[in-house]
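# Architecture and fold: a report
Okay, here's what each chain looks like letter by letter:
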Amino acid sequence: MNTSDLNGIIPKSNRLLDKARTYLDDFKAWVNLDSSNLSTGQQLAVKYFTVAVILFFAQLLFGMLAAIQFIYPGFLYEILDFNVNRMVHINAMIVWMLYGFIGSIYWLIEDESGTGIVGLKWANIAFWVLTGAVTLVVLVYLFIQIGPGKDSSLWFINEGREYIEAPRWADLGITAVMLVFFYNVVATFSKGQWSGIGGVLVLDLIALVGLYLAGMFYMTNITHEQYWWWWVIHLWVEATWEVLVGVIMAWSLMKLLGVRRKIVQTWLYIEVALMFGSGILGLGHHYFWIGMPEYWLSVGGFFSALEPIPLVAMVVHAVYDAGVHAFKTVNHPALAWVVAHAFGNFFGAGVWGFMHTLPQINMYTHGTQWSASHGHLSFFGAYATINIAFFYLAIQQWRGGVWMAAGAHHAWRWKWALGLLNAGVVGMTIALLIAGYEQSFIERAVEGSTWGGYFAAQNEPSFQRAMGWRLLFGGITLAGFILLVWDLLTIGKGETRKIPTINQS
Amino acid sequence: MNETPLWASESFWKKIAIWVTAGSFVILVILTMDSLSKTGAGSKRVPAYAVINKKIDYQFKTALHKSMPVIGDNEFLFGKEYSEEEARQLVDLGKKTTQTKNCMNCHTILGNGAYYAPDLTKAWLDQGWISGEMRENMMVKFLMDPANNARTFGSNRKMPNLAITEQEAKGIIAFLKWMSSIDTNGFPYNFKTIEAQE
Ligand code: HEM
Ligand code: HEM
Ligand SMILES: [Fe+2]
């Protein structure tokens, strides 16, 4: 390329940048949010929420691509293959939920500890480092996709292990960022005041970060490798994440409804006891068939069958409190999503999990669409919902603490977003459940799980119809998401009524 | 009525939470040490890598009411006898390749992964490879050029070309053969192997 070409390119790209900047400014003017309504800690939290929403969109988009490939296998063949789309789908999910959790915690610790975040400068740097790393990882997933069977591929392209595919350099970076985050939390509580919620939070975060380390190693022995891999996945979603959500719920119930601290903290301890007491050994339900000793059939079956109990306790707690306080709250959408969380967690994790957790049943459902049915309802019901609830709390503050309850303008938007998202995911869950039963029956029970049996089940009309329904309900989910974003950007605009302060009772 | 009973007090539940968590974790650590020691390569449940020199089958045992791996006489892979270290290296290459090619986001391995393509746990023993003699060659060819050797079973779903080299393909096959010898407590149930049909 000669220099005169370059001379032409620079002003051109400048003009493009200018244009982009004008669009961004127009967008900001339209949204019209005033960040001076937020503390500096909250300003950091909303950055995390913004990236979370963008990644949520990526999750749904790539889920749709993968769902289309089930029906038209030639779609994007050898361009964006199913494994690439699915990897982005589930990785974007894990990462957006972690972003949501981190944001929620930055948001609540100032209030909980009674002081500003300690080490905020580092926290801001960590945010940009993490976001840069996530972007790079996704670009490599999309454009490089796979590598030769060498260690360098594990270091720089992907580790090829479901849910935690991120290459090892990113693992180390994520760990470093998590240490900064952890420092912020501990130092903030130490400077301000500790509380029961603060104590549980810190111990839980130690476990959460520590567990991530268990998933960073390569092993030739597949049985050992999957053993440790489940430490991350299971002990995250069925132990540490559940407790983290318990912390967020405890704080939210005080803020949303004015429930007394003593009550939420006692409940929190009960939940920790029940959740860790069942979830830690419930890990065994993933050790039935990977080569591990037979005693895991009993240990895993027994303890995982107890896991729904804390989830029942959580529903009772949330619904009881909401009832006692006559659903009186200043933020209707947030409370609605909290209730969706309580039920979603109970049904998705508790009921759907219980249904296939005993080894006698899991022998047939293991590794079928049955698992996918449970995976969708549980991750959405337990974790997407609570994050969305928090987005509504955040936007209310960002708008200057305006009224978001009875008689709010355009309330149909949040109601329809809630309805469409939940209907979409429940619809997909049912479609996948039907597909899962069909697979368990034809592929596993009748055909003995051979490749011929697998495809016989995939080719059944009832299976194919289920894949069609899944795609349709996926579209409904996506529509609900778009409405949700529109609502989050506009809710409370032009509202002048302020919220009265809530007293704990 | 102003006294909070013990069972409803915060400090009581705090102690319970700590003890239950610590207790469960200690039990998990003990079980982990036991499980890992019983499943190293070369244990009864997880054979040594040199098992790739042997004939492997998976047969239903009526007394146990489940299928168990059965390790038979010599049956060399690619006509070569591997020492334990050579076998370990080959299986390692294969295992690593399954990760770097992201197999698990279409297939399941030991039943874990994605559901777009068949399970690989007993892929070495699958009747889809037609006969014991044809199997190795078919597998190498398929892995190196899946689009033109497609095995779609009427589903139109084709595995994409993953730029797998011949050496990597052999590694993957060694990994699959070794994995098929692992005692998986009877999963998958009632699986009919390529040996059973002959
Ligand atoms: C919010 C909590 C939970 C989440 C997010 C969750 C998510 C998941 C996901 C995504 C999988 C599929 C893993 C894979 O890709 O192979 C899975 C598997 C499984 N889950 Fe859960 N789960 C939760 C709670 C539970 C509970 C409480 C139970 C039992 C009562 C349970 C029982 C199971 C079982 C048995 C499997 C194995 C499925 C198989 O054999 O293929 N889960 N879970
Ligand atoms: C537009 C909506 C969505 C579509 C079309 C969609 C589609 C898909 C597809 C095609 C897969 C691969 C399943 C397979 O391997 O056969 C998948 C996996 C998965 N999706 Fe979604 N998805 C959507 C939304 C969601 C949401 C909202 C969540 C949770 C918040 C979610 C969580 C998961 C999980 C956990 C898995 C892995 C399941 C497993 O391995 O058992 N998806 N999705
Ligand atoms: Fe689990």
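Residues numbered from 1 in each chain as written. Chains lettered and ligands numbered in written order. Predicted model: local features only at pLDDT ≥ 70, side-chain atom pairs only at ≥ 80, totals over all residues. Heavy atoms only, no water.

## Let's talk about the packing of aromatic side chains
Residues and elements named next belong to chain B. For clarity, the threshold we go by: In this scheme Phe, Tyr and Trp rings, the latter by its six-membered ring, pair at centre separations within 6.5 Å, and the angle between planes marks the pair as stacked below 30 degrees, edge-to-face above 60, and tilted otherwise. What counts as a helix is a DSSP run of H or I of at least four residues, what counts as a strand is a run of E of at least two, and both are numbered from the N terminus. The classification of residues rests on relative accessible area computed with a 1.4 Å probe and restricted to protein chains. Under 20% of the type maximum is buried, over 50% is exposed, and intermediate values are partly exposed. We call a charge positioned above a ring when the Lys NZ or Arg CZ atom is no farther than 6 Å from the ring centre and deviates by at most 35 degrees from the ring normal.
The tally for this structure, following the rule as stated, stands at 52 aromatic pairs over all chains. Each ring, one from Tyr-58 and one from Phe-191, has its centre 6.2 Å from the other, and the planes form 65 degrees; the classification is edge-to-face. In this pair, Tyr-58 is assigned in strand β1 (residues 54-61) and Phe-191 in the loop between α4 (166-179) and α5 (194-197), connecting sequence segments 133 residues apart. What makes Phe-191 buried here is its relative accessible area of 6%. One cation-aromatic arrangement involves Lys-80 over Tyr-82; the distance from NZ or CZ to the ring centre is 4.8 Å. The ring centre of Tyr-58 lies 4.3 Å from the NZ or CZ of Lys-122, which sits over that ring.

## Side note on the site of ligand 1
Operational definition: Nearness is judged by heavy atoms alone; a residue qualifies as near a molecule or strand once a single heavy atom is within 4 Å of it. In protein, a polar contact means a hydrogen-donor-capable atom and an acceptor-capable atom, both N or O and within 3.5 Å, with residues adjacent in sequence counting only if both atoms are side-chain atoms; elsewhere, any N or O pair within 3.5 Å suffices.
Not every one of the 29 residues close to ligand 1 is listed here, only the nearest: Glu162(A), Tyr163(A), His366(A), Ser371(A) and His374(A). Looking at what sits near ligand 1, you find residues from chains A and B. Within the side chain of Asn362(A), an N or O atom sits 2.9 Å from an oxygen atom of ligand 1. Within the side chain of Ser371(A), an N or O atom sits 2.6 Å from an oxygen atom of ligand 1. Secondary structure elements with two or more residues in the shell around ligand 1: α8 (222-257), α12 (332-355) and α14 (369-398) of chain A. In terms of residues, the shell around ligand 1 owes the most to one element, α14(A), which gives seven residues.

## Some thoughts on unusual backbone geometry
In this chain, Phe187(B) is followed by Pro188(B) through a cis amide linkage whose omega measures -5 degrees. Note on placement: Pro188(B) falls in the loop between α4 and α5. Although it is not a glycine, Leu76(A) adopts a positive phi angle of roughly 60 degrees. You can see Leu76(A) is positioned in the loop between α2 (40-71) and α3 (82-113).

## Regarding the site of ligand 2
Note the following rule: We call Asp, Glu, Lys and Arg charged. Ala, Val, Leu, Ile, Met, Phe, Trp, Tyr, Cys and Pro are nonpolar, and the rest, Gly among them, are polar.
Contacts to ligand 2 come from 28 residues, most closely from Gln59(A), Arg86(A), His89(A), His376(A) and Tyr115(B). The contact in question runs from an oxygen atom of ligand 2 to an N or O atom on the side chain of Glu162(A), over 3.1 Å. Elements with a contribution of two residues or more to the shell around ligand 2: α2, α3, α14 and α17 (461-490) of chain A. Class assignment for the residues of the shell around ligand 2 results in 16 nonpolar, nine polar and three charged.

## A word on the packing of helix α10 (residues 295-306) of chain A against helix α1 (residues 10-38) of chain B
Which entries qualify depends on this criterion: Axis definition: a line fitted to C-alpha atoms, limited for helices to the stretch in contact. Angles are taken between N-to-C directions and run from 0 to 180 degrees. Just so you know how the angles are binned, under 35 degrees is roughly parallel, over 145 roughly antiparallel, 65 to 115 roughly perpendicular, and the rest oblique. Two helices crossing with the near one rotated counterclockwise from the far one by less than a right angle form a left-handed crossing, whereas a clockwise rotation gives a right-handed crossing. Two residues qualify as a contact provided that any one of their heavy atoms is within 4.5 Å of a heavy atom in the partner residue.
For the pair α10(A) and α1(B), the least separation of the axes is 12 Å and the interaxial angle reads 150 degrees. One way to sum up the angle between α10(A) and α1(B) is to call them roughly antiparallel. Taken as a pair, α10(A) and α1(B) cross one another with a handedness that is left-handed. Of the residues in α1(B), those touching α10(A) at Tyr295(A), Trp296(A) and Val299(A) are Leu28(B), Leu31(B), Asp34(B), Ser35(B) and Lys38(B).

## Re the interface of chain B and chain A
Note the following rule: Accessible area, probed at 1.4 Å, shrinks when two parts are joined; the buried area is that loss added up over both. A carboxyl oxygen of Asp or Glu within 4 Å of a side-chain nitrogen of Lys or Arg is what we treat as a salt bridge.
The partner chain A presents 83 residues to the 85 residues of chain B that form the contact. Across the chain B to chain A interface the summed buried area is about 7400 Å²; carbon plus sulfur atoms make up 62%. At the surface where chain B touches chain A, the tally comes to three salt bridges. Of the charged contacts, one joins Lys66(B) and Glu294(A) as a salt bridge, the two residues approaching to 3.4 Å between their closest N and O atoms. Where chain B meets chain A, there are 43 residue pairs in polar contact (both at pLDDT 80 or more). Among the elements of the structure, α1, α2 (84-100), β3 (108-109), β4 (112-113) and α4 of chain B are those that each provide at least two residues to the side of chain B that touches chain A. A per-element tally of the side of chain B that touches chain A places α1(B) first, with 17 residues. Of the residues assigned to the side of chain B that touches chain A, the class counts are 40 nonpolar, 26 polar and 19 charged.

## Things to note about the coordination of the iron atom of ligand 1
This is how the line gets drawn: A donor here means an N, O or S atom no more than 2.8 Å from the metal, or no more than 3.2 Å when the metal is Na, K or Ca. Since water is not included, a site may seem to lack partners.
Just one protein atom coordinates the iron atom of ligand 1, and that atom is His374(A) (NE2), at 2.0 Å. Between the two metals, the iron atom of ligand 1 and the iron ion (ligand 3), the spacing is 4.3 Å.

## Some details on the confidence of the model for chain B
Put simply, the test is: Each residue carries a pLDDT value, the predictor's own confidence for that position, ranging from 0 to 100.
Averaged over chain B, the pLDDT score is 95; the fraction of residues at 70 or greater is 98%. If you check the scores for this complex, the pTM reads 0.96 and the ipTM reads 0.97.

## Digging into the coordination of the iron ion (ligand 3)
Residue and element names in this part refer to chain A. Note the threshold: Any coordination sphere not matching a tetrahedral pattern (four donors, all angles between 85 and 135 degrees) or a square planar or octahedral pattern (four or six donors, opposite donors over 155 degrees apart, other angles between 65 and 115) is reported as irregular.
Protein coordination at the iron ion (ligand 3) comes from His-234 (ND1), Glu-238 (OE), His-285 (NE2) and His-286 (NE2), with a distance range of 2.0 to 2.2 Å. Around the iron ion (ligand 3), the four donor atoms are arranged such that angles at the metal cover 84 to 146 degrees; this shape is classified as irregular. Read in sequence order, the donor residues coordinating the iron ion (ligand 3) give the pattern H-x3-E-x46-H-H. By relative accessible area, Glu-238 is classed as buried at 15%. A residue is classified by how much of its surface remains accessible, and His-286, at 18% relative accessible area, is buried.

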